[in-house]
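Read off the chains here:
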Amino acid sequence: MARCNRCDHGYVWPVPSAEFLDAIYRDAAYYQGSSSSIGFQDYASLEPARRRMYARHLTRIEAQAGKGRILDVGCATGDFLVMARERGWQVLGADPSAARAQLEARGLPVVGKTVHDADVDEASLDAITFWDVLEHVTDPLADLTRARRLLKPGGVLALTVPDSANALARISGRRWFGYKTAGEHLQFFTDASLRIAFEKVGLAMRTRRPTTWSCSLGFLANRSSLYLGAPGRLMNATISGLHLSSAVIDMPQINQFALGVATEASALATAEGLR
C-alpha cells in the first residue's frame, strides 16, 4: 500500500487488474455464501441494519436538498432505493454486480453499472449517493467528477467511506479491518483526503463527520472469526449459540459521512479545473 504525503490518503499499489476486480462483483457468492473477508455470507440478513443506517443518511440529505431525483451508485440489492422511494424520492440505481436481477425484481430502475455509464442527463439530479463505494474504485476523483456533472446546481452528493485515520485504525495499525479487504478495498480515505477530493471536483462540503456503521451482531462475529483468530472464533461460536445473530448494533469508529453541494461557484471551479 502507498500513501500520499500531503493528506495521508492510502491506496493499493499496484492497482489490481480490471479483470480481477470485475470478477469479485460478478460472483454470485459475493452477496450469498462467501466464506472469505471479501463478500458476505448472507447480505439479505443485514437489511434491517441497513435500513436503520440509511434512515439517518436520508434525513441528513433531505435537510439539505428536500426531495427529487436521486441516483444511488453501487446500489447492490436496492435497500437504500426502496427506502428513498417510500419517502417520496424518484429513484435510480447503478451497480455492476450480480445483484442487478434483484433490483429489477423490486421494480427499481437500473440506469448503468457505474456512475460513468449511467444513462442520466447532466445537471438533472437532485442527489447522488455512494454508500461504502468509493473505497472500491480505482479513480475516486473521476467518479466524483462525473457525479458532479450529473447534479443540478444546489444538488447534493453524499457518501460514506471507512475512516482510515480514526482512533481504531491508528491503534490497529496494519491489523485494521479496512486493510484486511485490500484487493476489494483500494482507497483508504482520511478527513483531509475527502476534503481535498470534494474541493478538486467542485463540491462545497457542508459536513464531514464520523458516523456509525450498522450491522448485525452475527455479521460482526463472523468478521471477528476471520480477522481475530481463536478469540474471534470463540466470539462467533458464543453469539451463534445464544441466538443473538440477528440483533442490530451501531459500530462507532468505522465510517465517515460526507455531504457536498454543487453550487454555482463550485460549478465554475470545476469547469476551470477540467480545462
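The structure under discussion appears in the preceding block.
Predicted model only: the values in this text are computed from it and were never measured.

Details of the packing of helix α5 (residues 140-150) against helix α8 (residues 191-201)
And step 1. One can describe the packing of α5 onto α8 by two numbers: an axis separation of 9 Å at closest approach and a directional angle of 45 degrees. One way to sum up the angle between α5 and α8 is to call them oblique. Taken as a pair, α5 and α8 cross one another with a handedness that is right-handed. Every residue of α8 that contacts α5 at Leu141, Leu144, Thr145 and Arg148 is listed here: Ala197, Lys200 and Val201.
And step 2. Of the residues in the contact of α5 with α8, the class split is 4 nonpolar, 1 polar and 2 charged.

Concerning the pairing of strand β4 (residues 90-94)
And step 1. A large share of β4 lies buried, amounting to 4 of its 5 residues.
And step 2. Direction of pairing for strand β3 (residues 69-73) relative to β4: parallel, over a ladder of 5 bridges. What sits directly across from leucine 71, in β4, is leucine 92.
And step 3. The parallel pair β3 and β4 is bridged by helix α3 (residues 79-86), and the resulting crossover is right-handed.
And step 4. The sheet contact formed by β4 and strand β5 (residues 110-112) spans 2 bridges and is parallel. Bridging across to β5, alanine 94 finds its partner in glycine 112.

Describing the pattern of salt bridges
And step 1. Counted by the stated rule, this structure contains 12 salt bridges.
And step 2. Across the pair arginine 50 and aspartate 79 runs a salt bridge whose closest N-O atoms are separated by 2.5 Å. One end of the pair, arginine 50, is in helix α2 (residues 47-65); the other, aspartate 79, is in helix α3, with 29 residues separating them in the sequence. Neither residue differs from the other here; arginine 50 and aspartate 79 are each classed as buried.
And step 3. For aspartate 191, the salt bridge goes to arginine 208, with nearest N and O atoms at 3.4 Å. One end of the pair, aspartate 191, is in helix α8; the other, arginine 208, is in strand β9 (residues 204-216), and 17 residues separate them in sequence.
And step 4. Overall, aspartate 191 belongs to the partly exposed group, its relative accessible area being 26%.
And step 5. The network of salt bridges with common partners includes Glu47, Arg50, Asp79 and Arg106.

About the cut-offs
Residues numbered from 1 in each chain as written. Predicted model: local features only at pLDDT ≥ 70, side-chain atom pairs only at ≥ 80, totals over all residues. Heavy atoms only, no water. Axes fitted to C-alpha atoms, helices over the stretch in contact; angles between N-to-C directions. Helix = DSSP H or I, 4+ residues; strand = E, 2+ residues; numbered from the N terminus. Parallel < 35°, antiparallel > 145°, perpendicular 65-115°, else oblique. Left-handed = near helix turned anticlockwise from the far one by under 90°. Contact = heavy atoms within 4.5 Å. Nonpolar A, V, L, I, M, F, W, Y, C, P; charged D, E, K, R; others polar. Buried < 20%, exposed > 50% of the residue type's maximum accessible area, 1.4 Å probe, protein only. Pairing = 2+ DSSP bridges. Right-handed = clockwise from strand over helix to strand, strands pointing away. Salt bridge = Lys/Arg side-chain N within 4 Å of Asp/Glu carboxyl O.

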